[in-house]
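Residue-level structure breakdown
Residue-level listing of the chains:
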Amino acid sequence: MYLSRRGLLYGSAGVAAVSLSGCGIGGEDDKQLTGFTGISMPTDTSERWVIEGKALEANLKELGYDVVHSNAKDVVEDQISQIQSMVDEGVEFLIVAAIDNKSLGQVLAAAKDKGVTVISYDRLILETPDVDYYASFDNYQVGVLQATHIIDRLGIRDNEGPFNLEIFSGDLGDNNSQYFFMGGLDTFESLLYSGKVVIPSGQTEQDPTSTAGWSGDVAKERMDTLIKEYYSDDRELHAVLSPYDGISRGIVAALVENDYEPGTAGFPVVTGQDAEAASVKAIKDGTGQTETVFKDTRQLAHTVTGMVQAIVEGGEPEVNDLGTYDNGFKFVPSLLLDPVDVTAENYVEVIVESEYLTEEQIDAGEA
Ligand code: BGC
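Definitions and limits used
- Residues numbered from 1 in each chain as written.
- Predicted model: local features only at pLDDT ≥ 70, side-chain atom pairs only at ≥ 80, totals over all residues.
- Heavy atoms only, no water.
- Helix = DSSP H or I, 4+ residues; strand = E, 2+ residues; numbered from the N terminus.
- Rg over C-alpha atoms; globule rule 2.2 N^0.38 Å.
- Contact = heavy atoms within 4.5 Å.
- Areas by Shrake-Rupley, 256 points an atom, 1.4 Å probe, with all protein chains shown as cover.
- Lys, Arg positive; Asp, Glu negative; His and termini not counted.
- Charge placed at Lys NZ, Arg CZ, Asp CG, Glu CD.
- Axes fitted to C-alpha atoms, helices over the stretch in contact; angles between N-to-C directions.
- Parallel < 35°, antiparallel > 145°, perpendicular 65-115°, else oblique.
- Nonpolar A, V, L, I, M, F, W, Y, C, P; charged D, E, K, R; others polar.
- Left-handed = near helix turned anticlockwise from the far one by under 90°.
- Near = heavy atom within 4 Å.
- Polar contact = N/O pair within 3.5 Å; in protein donor to acceptor, adjacent residues only side chain to side chain.
- Domains from an automatic or database assignment.
- Buried area = accessible area lost by both parts, 1.4 Å probe.
- Expected span 1.5 Å × (residues − 1).
- Buried < 20%, exposed > 50% of the residue type's maximum accessible area, 1.4 Å probe, protein only.
- Arc of directions from axis to C-beta.
- Pairing = 2+ DSSP bridges.
- Phe/Tyr/Trp six-rings, centres within 6.5 Å; stacked < 30°, edge-to-face > 60°.
- Lys NZ or Arg CZ within 6 Å of the ring centre and 35° of its normal.
- Salt bridge = Lys/Arg side-chain N within 4 Å of Asp/Glu carboxyl O.

What follows deals with the overall build of the protein chain. Along the protein chain, the regular secondary structure elements total 13 helices and 12 strands. The C-alpha radius of gyration computed for the protein chain amounts to 21 Å, which stays within 12% of the reference 21 Å derived for 367 residues, consistent with globular compactness. When its C-alpha atoms are laid out on the principal axes, the protein chain stretches across 70 × 40 × 35 Å. When contacts within the protein chain are restricted to residue pairs at least 6 apart in sequence, those whose partners lie at least 24 apart make up 74%. For the protein chain, the accessible surface area stands at approximately 15,200 Å², while carbon and sulfur atoms represent 47% of it. Charge-centre separation for the protein chain: the mean point of 24 positive side chains lies 2 Å from the mean point of 63 negative side chains.

Shown next as C-alpha cells:
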C-alpha cells in the first residue's frame, strides 16, 4: 500500500522548497541537454488533461525546446507505445500522467537506459525505480476539503443527525484516488464512529465505491442502484462525497431521474473536483453539486516546465516534499501545490478573477 497518513501530509504542507543536491539527476551529464520533451496525457474525456497537455507544450516550445505530445485516450497499451516512440525519437525528458499507475515499469526502464529524466505528472507512477520527480497537488487535502464542505453545509457538528452519506471514489488504477478517498474518510472518521454520520449502503471501502475510468456514466448507474436499494423507503440521502466533477454530474443526473429536485432542501449535498465549466455553472446556478475543488493546473504546468528548464540549465528542480509519495521503490521527490475549495460564495474570486474561466464559459458550461 502507498497510503500516506494524515500526519505526514499535514507535515508536508507548506514546507519550504528544498534542493536535491547529490541526487544525481541532470546537470551532471557531459552531454548538453536541448530540452527535447515527450508529453503523455491520459484521457481527453476530462477537460483538464487536454488543456494541460497544450499548456505544457506551449510553455516548453516558448523556451525553444522540441516537444512530442500525445493523448492516449484511456487506452493503456496506447500510452505505453506512445511513450516508447518518444524514447525512440530521443526525448531527454518525459512528462507522464498515467492512465494506469502500475503499467509503465517496462517502458520507463527503456527510457532510463537512454538517460531520460521522468516526471510523473499529477498522478504518481508506481512500482518502478525509474521516476525522478513528481509534481501534483496535495491530494489528501482535496478529500479533506470535500468532506469539510459537506460537514459545514449540513451543519453536521451543530445538529443531532444522523446524516446519511454515500461515498464515491475514483478509478482504482489512479494513485490519487486513494488520497482523495482517505482525506474524505479521515475527515468523517469521528462522525462515523459516533453514529452522527451513517453510510446506509455500508460501502465504505475504496473498491466498492470506485468509479472505473472516472466515468460519469458509471457513477450515474451506481447512484441509481444505491437509491433504489437503500433509499426507496423514504430514507433521506443527505450528502454524496464525490471526488471529481464528471462523476458528480453523473450522480446528480441519477438523483434527478429519481425525483430529487436540485436547489431544494431535500437535494443532497454533492461535492466535486477540477472546476469544470459545467460544474461551476451548476454551483453558480444552484442546479446540482454545491462544491468543487480548484487545482490551478496552469500553475502545475508552469511548475513542471520549470523542472525541465532547471535541469537543462544544469540546476536542480525545486521540490517541497521528500517523504510522502512512496511509489513502492522510493519516496519520489515531489512538488505539491495547494488545492482550493470553491462554492457559490467564492467562485468569482477564485475562478473568474484568476481568469481560469470567464463568466461566459461558466454560463455556457463549456471551457
Ligand atoms: C486528478 C484529478 C482528476 C481525475 C480524473 C486525477 O488523477 O488528480 O484532478 O479529477 O484524475 O481525471
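With that settled, consider the packing of helix H3 (residues 76-89) against helix H4 (residues 105-113). Two numbers describe how H3 lies on H4: the axes approach to 10 Å, and their chain directions differ by 5 degrees. The angle between H3 and H4 places the two elements in the roughly parallel class. Residues Ile80, Ile83, Gln84 and Val87 of H3 form the contact with H4, whose own contacting residues are Val107, Leu108, Ala110 and Ala111. Of the residues belonging to the contact of H3 with H4, the class tally is seven nonpolar, one polar and no charged.

As a further point, take the packing of helix H2 (residues 47-62) against helix H11 (residues 297-312). Packing of H2 against H11 brings their axes to within 9 Å, and their N-to-C directions diverge by 40 degrees. The two elements H2 and H11 meet at a crossing, and its hand is right-handed. Listed contacts from H11 to Arg48, Glu52, Ala55, Leu56, Asn59 and Leu60 of H2 are Thr297, Leu300, Ala301, His302, Val304, Thr305 and Val308. Across the contact of H2 with H11, the residue classes break down as seven nonpolar, four polar and two charged.

What follows deals with the site of the ligand. Around the ligand there are 13 residues in total, and Arg48, Asp122, Arg123, Asp174 and Asp274 lie nearest to it. Taking Asp274, its side chain carries an N or O atom lying 2.7 Å from an oxygen atom of the ligand. Bound to the protein, the ligand loses 99% of the 310 Å² it would expose on its own. At the level of secondary structure, the elements contributing two or more residues to the shell around the ligand comprise H2 and helix H6 (175-194). A per-class count over the shell around the ligand returns four nonpolar, three polar and six charged. When residues of the shell around the ligand are assigned to domains, at least three map to each of domain 1 (18-131 + 296-338) and domain 2 (139-294 + 342-364).

A separate point is the domain arrangement of the protein chain. Here the protein chain is partitioned into domain 1 (18-131 + 296-338) and domain 2 (139-294 + 342-364). Each partner contributes residues to the interface: domain 1 has 16 residues there, and domain 2 has 15 residues. Across the domain 1/domain 2 interface, buried area totals approximately 1,400 Å², and carbon plus sulfur atoms make up 34% of it. When the area that domain 1 buries against domain 2 is broken down by residue, the three leading residues are Glu47, Arg298 and Tyr325, summing to 34%.

We now examine helix H8 (residues 216-230). With 15 residues, H8 should cover 21 Å at 1.5 Å per step; its first-to-last C-alpha distance of 21 Å lies within 8% of that length. Taken as a whole, H8 has its buried residues at Gly216, Ala219, Arg222, Met223, Leu226 and Ile227. Summarising the axial view, the buried residues of H8 lie within an arc of 140 degrees, below the 170-degree limit, and thus occupy one face. Exposed residues on H8 whose side chains face more than 90 degrees from its buried face are Asp217, Glu221 and Glu229. Tucked inside the fold, the buried residues of H8 contact strand E6 (163-167), helix H7 (206-209), strand E8 (239-241) and helix H9 (245-257). Residue Ser215 occupies the N-cap position of H8, its side-chain oxygen lying 3.2 Å from the main-chain nitrogen of Asp217.

Taken in spatial order, the six strands line up as E2-E1-E3-E4-E5-E11 in an open sheet, and their pairing is parallel. Looking at which strands have only one partner, the edges of the open sheet turn out to be strand E2 (67-71) and strand E11 (334-337). Shown here is a sheet whose adjacent strand axes are inclined to one another by a mean of 15 degrees, direction ignored.

Applying the stated criterion across every chain yields a total of five aromatic pairs. Relative to Tyr325, the ring of Tyr179 has its centre 4.9 Å away and its plane inclined at 40 degrees; by these criteria the two rings are tilted. Remark: Tyr325 occurs in the loop between H11 and E11 and Tyr179 occurs in helix H6; sequence separation between them is 146 residues. Three or more aromatic residues joined by ring pairs make a cluster, and in this case those are Tyr134, Tyr179 and Tyr325. Its end group placed over the ring of Trp49, Arg48 keeps NZ or CZ at 4.0 Å from the ring centre. Stacked on the ring of Phe168, the Lys or Arg Arg222 has its end atom at 4.4 Å from the ring centre.

Here the structure, examined in full by the defined rule, presents 13 salt bridges. The partner of Asp44 in a salt bridge is Lys73, and the shortest N-O contact between them spans 3.9 Å. In this pair, Asp44 sits in the loop between strand E1 (37-41) and H2 while Lys73 sits in the loop between E2 and H3, placing the two residues 29 residues apart along the sequence.

Let us now look at unusual backbone geometry. One can expect most non-glycine residues to show negative phi and most peptide bonds to be in trans. Omega for the peptide link from Gly161 to Pro162 comes to 0 degrees, which places this bond in the cis form. One can find Pro162 in the loop between helix H5 (139-154) and E6. You will see that Asp234, though not glycine, has its phi angle at about 70 degrees, which is positive. The topology assignment puts Asp234 in the loop between H8 and E8. A relative accessible area of 74% places Asp234 in the exposed class. With phi around 105 degrees, Asp274 is a residue other than glycine that occupies positive phi space. By the secondary structure assignment, Asp274 is in the loop between strand E9 (269-270) and helix H10 (277-285).

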